[in-house]
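Listed below, chain by chain, are the residues.
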Amino acid sequence: MNPVLAELHDKARAVLDPVHYDFFAGGVGDEVVLADNEAAFRRLALLPRVLRGNGISQDLPVLISPTAFHRLAHPDGELATARAAGGTTLVSSMASTVPIAEVVAAATGPVWFQLYVQPDMDVTEALVRRAERAGCAALVVTVDSPVFGRHRRDIAHGFHDLPAGLAAENMRDLAGVALRNIEMSPAVSWEHLDRLRDVTTLPLWVKGVLHPQDAVLAVGHGVAGVVVSNHGGRQLDLVPASLDALPAVVDAVAGRVPVVLDGGVRSGGDIALALALGASAVGIGRPVLWGLAADGEQGVRRVLDVLRDEYRHVLAMCGGELTRDMVVARC
Ligand SMILES: Cc1cc2nc3c(=O)[nH]c(=O)nc-3n(C[C@H](O)[C@H](O)[C@H](O)COP(=O)(O)O)c2cc1C
Ligand SMILES: CCCCC(=O)C(=O)O
């Protein structure tokens, strides 16, 4: 892991309530997938190309992945994250502790809205309207959560509710209910995605695809992009590391839409490996939370700055282009 990210993680752990630290850090079950997401990057090596004369790209192919409840990490919560994002796309969680309109107002770059389709489609549609009115540029539908993952750390702490004063603000005043709970439903299907397609012209992404056939179905249902993700090891502790699931999805999608990877990205080198395997960009989850908890807006800015700096350096070392033939197993 990049040392700046390690330092921010250590500071976050020191300042956070241990219950909240465990909510952010933890995974599902034995946390096999949580560990494997990072370990998968260590199993691969890159063969740089030389003498390509490509110069150095200024782009940072990174999005901020949606994570819930930023005000548990810092009093400014999602406002600090949004201010720190700069030109980086912020995928704002439906479970944010600041309403989406305020998140977008605080951001200077694009904000996308992450959505759990609610079984009551009127509620879902009202959330979509909220995101549209706020000025979100895309909807990211999380599809890996037919039920909540069982997080043993949270169960051990009895952590089930936000502390007094904090709420999932996007769920306020929907369909005559003061504050709705976010529901996850195994009844959600591709039909719901089609319904969303009918109610909004925003680009629709799906997040949490691992099976290549689902990626093909997603393209068939008109998505703008696919996020290969296992929810940071928080849903099913039997799945592969995100990075290991990436190549088959990239092959199945065959360039028809962009494929983003998240899970375990902790350095510029990790970004380079994911791009070499065909990702268009990566999403960053926990490192943003560690920056936020450690130092608010400044901390999140440092996370993005250090990843940008490191990624550019690695890319220059590799000749400015990343392709799958450059990836080999580390034996
Ligand atoms: C504390 C926490 C909360 C999360 N909340 C959400 C969420 O509200 N919606 C969602 O789609 N994914 C959520 N995720 C998953 C992230 O979007 C992302 O897939 C994952 O964190 C990426 O892995 P990483 O943390 O190793 O970078 C959450 C992850 C964490 C750690
Ligand atoms: C209703 C909040 C869901 C948050 C989430 O997705 C996670 O903690 O992984």
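Residues numbered from 1 in each chain as written. Chains lettered and ligands numbered in written order. Predicted model: local features only at pLDDT ≥ 70, side-chain atom pairs only at ≥ 80, totals over all residues. Heavy atoms only, no water.

Some points on the overall build of the protein chain
Regarding its fold elements, the protein chain presents 12 helices and 12 strands. In terms of overall dimensions, the protein chain is globule-like: its C-alpha atoms have a radius of gyration of 19 Å, near the 20 Å expected for 331 residues. Seen through its C-alpha atoms, the protein chain measures out along the principal axes to roughly 65 × 45 × 40 Å. Counting only residues that meet the buried cut, the protein chain has 56% of its 331 residues in that class. For the protein chain, the share of sequence-separated contacts (at least 6 apart) that also reach a separation of at least 24 residues comes to 74%. (Helix = DSSP H or I, 4+ residues; strand = E, 2+ residues; numbered from the N terminus. Rg over C-alpha atoms; globule rule 2.2 N^0.38 Å. Buried < 20%, exposed > 50% of the residue type's maximum accessible area, 1.4 Å probe, protein only. Contact = heavy atoms within 4.5 Å.)

Overview of the sheet that holds strand S5 (residues 139-142)
Taking strand neighbours around the barrel as the criterion, the 8 strands line up as S2-S3-S4-S5-S8-S9-S10-S11 in a closed arrangement whose pairing is parallel. Ignoring strand direction, the axes of neighbouring strands in this sheet form an average angle of 30°. Across 3 bridges, the pairing between strand S9 (residues 225-228) and strand S10 (residues 259-262) is parallel. Counterpart to Val227 in the pairing with S10 is Val260. Packing against the sheet, helix H11 (residues 268-276) makes contact with strand S2 (62-64), S10 and strand S11 (281-284), and its axis sits at approximately 135° to S11. (Pairing = 2+ DSSP bridges. Axes fitted to C-alpha atoms, helices over the stretch in contact; angles between N-to-C directions.)

Overview of the pairing of S5
Alternating positions in S5 separate into two faces, Leu139 and Val141 on one and Val140 and Thr142 on the other, with burial throughout. Summarising the sheet, strand S4 (residues 111-115) and S5 pair through 3 bridges and their orientation is parallel. Along S5, the bridge assignment pairs Leu115 with Val141. Viewed along the sheet, the connection from S4 through helix H6 (residues 121-134) into S5 turns out right-handed. Bridge count between S5 and strand S8 (residues 204-209): 4 bridges; the pairing is parallel. Residue Val141 lies in a different strand from S8, and its bridge partner there is Val206. (Right-handed = clockwise from strand over helix to strand, strands pointing away.)

Some remarks on the pattern of salt bridges
On inspection of all chains with the given rule, the structure shows 16 salt bridges. Across the pair Asp30 and Arg152 runs a salt bridge whose closest N-O atoms are separated by 2.5 Å. Placement of Asp30 in the loop between helix H2 (18-25) and helix H3 (32-42) and of Arg152 in helix H7 (residues 152-157) is noted, with a sequence separation of 122 residues between them. Residue Arg172 pairs with Glu169 through a salt bridge whose shortest N-O separation is 2.5 Å. By sharing partners, the salt bridges in this structure join Asp22, Glu31 and Arg153 into a single network. (Salt bridge = Lys/Arg side-chain N within 4 Å of Asp/Glu carboxyl O.)

Some remarks on the pairing of strand S3 (residues 89-92)
What you see with S3 is no split at all: Thr89 and Val91 on one side and Leu90 and Ser92 on the other are buried throughout. Here S2 runs beside S3; their pairing, made up of 2 bridges, is parallel. Counted as the bridge partner of Ile64 is Leu90 from S3. For S3 and S4, the ladder comprises 3 bridges, and the chain directions are parallel. Within S4, the position partnered with Leu90 by the bridge is Val111. As for the winding sense of the linkage, the β-α-β connection from S3 through helix H5 (residues 100-106) to S4 is right-handed.

Describing H6
When the terminal C-alpha atoms of H6 are compared, their 20 Å separation across 14 residues agrees well with the 20 Å that a helix rising 1.5 Å per residue should span. All buried positions along H6 are accounted for by Met121, Val123, Thr124, Leu127, Val128, Ala131 and Ala134. Taken around the axis of H6, the buried residues stretch over an arc of 160°, which confines them to a single face. Of the exposed residues in H6, those oriented more than 90 degrees away from the buried face are Asp122 and Arg133. Packing partners of the buried residues in H6 comprise H5, S4, S5, strand S6 (172-174) and helix H8 (190-199). Regarding H6, its N-cap is Asp120, as a side-chain oxygen of that residue lies 2.9 Å from the backbone nitrogen of Asp122 further along. Looking one or two places after H6, you find Gly135, whose phi comes out positive at around 105°. (Expected span 1.5 Å × (residues − 1). Arc of directions from axis to C-beta. Polar contact = N/O pair within 3.5 Å; in protein donor to acceptor, adjacent residues only side chain to side chain.)

Points about the site of ligand 2
Around ligand 2 sit Phe23, Ala68, Ala95, Tyr116, Phe148, Ile182, His231 and Arg234, and that is every residue in its neighbourhood. Contact distances for ligand 2 include 2.5 Å between an oxygen atom and a side-chain N or O atom of Tyr116. Arg234 is positioned with one of its side-chain polar atoms (N or O) 2.8 Å from an oxygen atom of ligand 2. Surface burial for ligand 2 is 85%, taken as the share of its 290 Å² of free accessible area covered by protein chains. Taking a 2 Å distance to the grid points as the criterion, the majority of the atoms of ligand 2 fall inside the largest pocket. A per-class count over the shell around ligand 2 returns 6 nonpolar, 1 polar and 1 charged. (Near = heavy atom within 4 Å. Areas by Shrake-Rupley, 256 points an atom, 1.4 Å probe, with all protein chains shown as cover. 1 Å grid on protein atoms, 1.4 Å probe; cavity = no way out; pocket = protein on both sides within 12 Å on 5 of 7 lines; lining within 4 Å. Sits in = over half its atoms within 2 Å of the grid points. Nonpolar A, V, L, I, M, F, W, Y, C, P; charged D, E, K, R; others polar.)

Remarks on the site of ligand 1
Taken together, 23 residues sit near ligand 1, with Pro66, Ser93, Thr142, Asp262 and Arg266 positioned nearest. In the model, a nitrogen atom of ligand 1 is placed 3.2 Å from a nitrogen or oxygen of the Gln114 side chain. The contact in question runs from an oxygen atom of ligand 1 to an N or O atom on the side chain of Thr142, over 2.7 Å. Burial of ligand 1 by the surrounding chains reaches 98%, relative to a free accessible area of 600 Å². Of all the cavities here, the one that holds ligand 1 is the largest pocket. Looking at the shell around ligand 1, the elements that each hand over two or more residues are H2 and helix H12 (286-317). Split by residue class, the shell around ligand 1 holds 7 nonpolar, 11 polar and 5 charged.

Worth remembering: the numbers are spatial, not functional.
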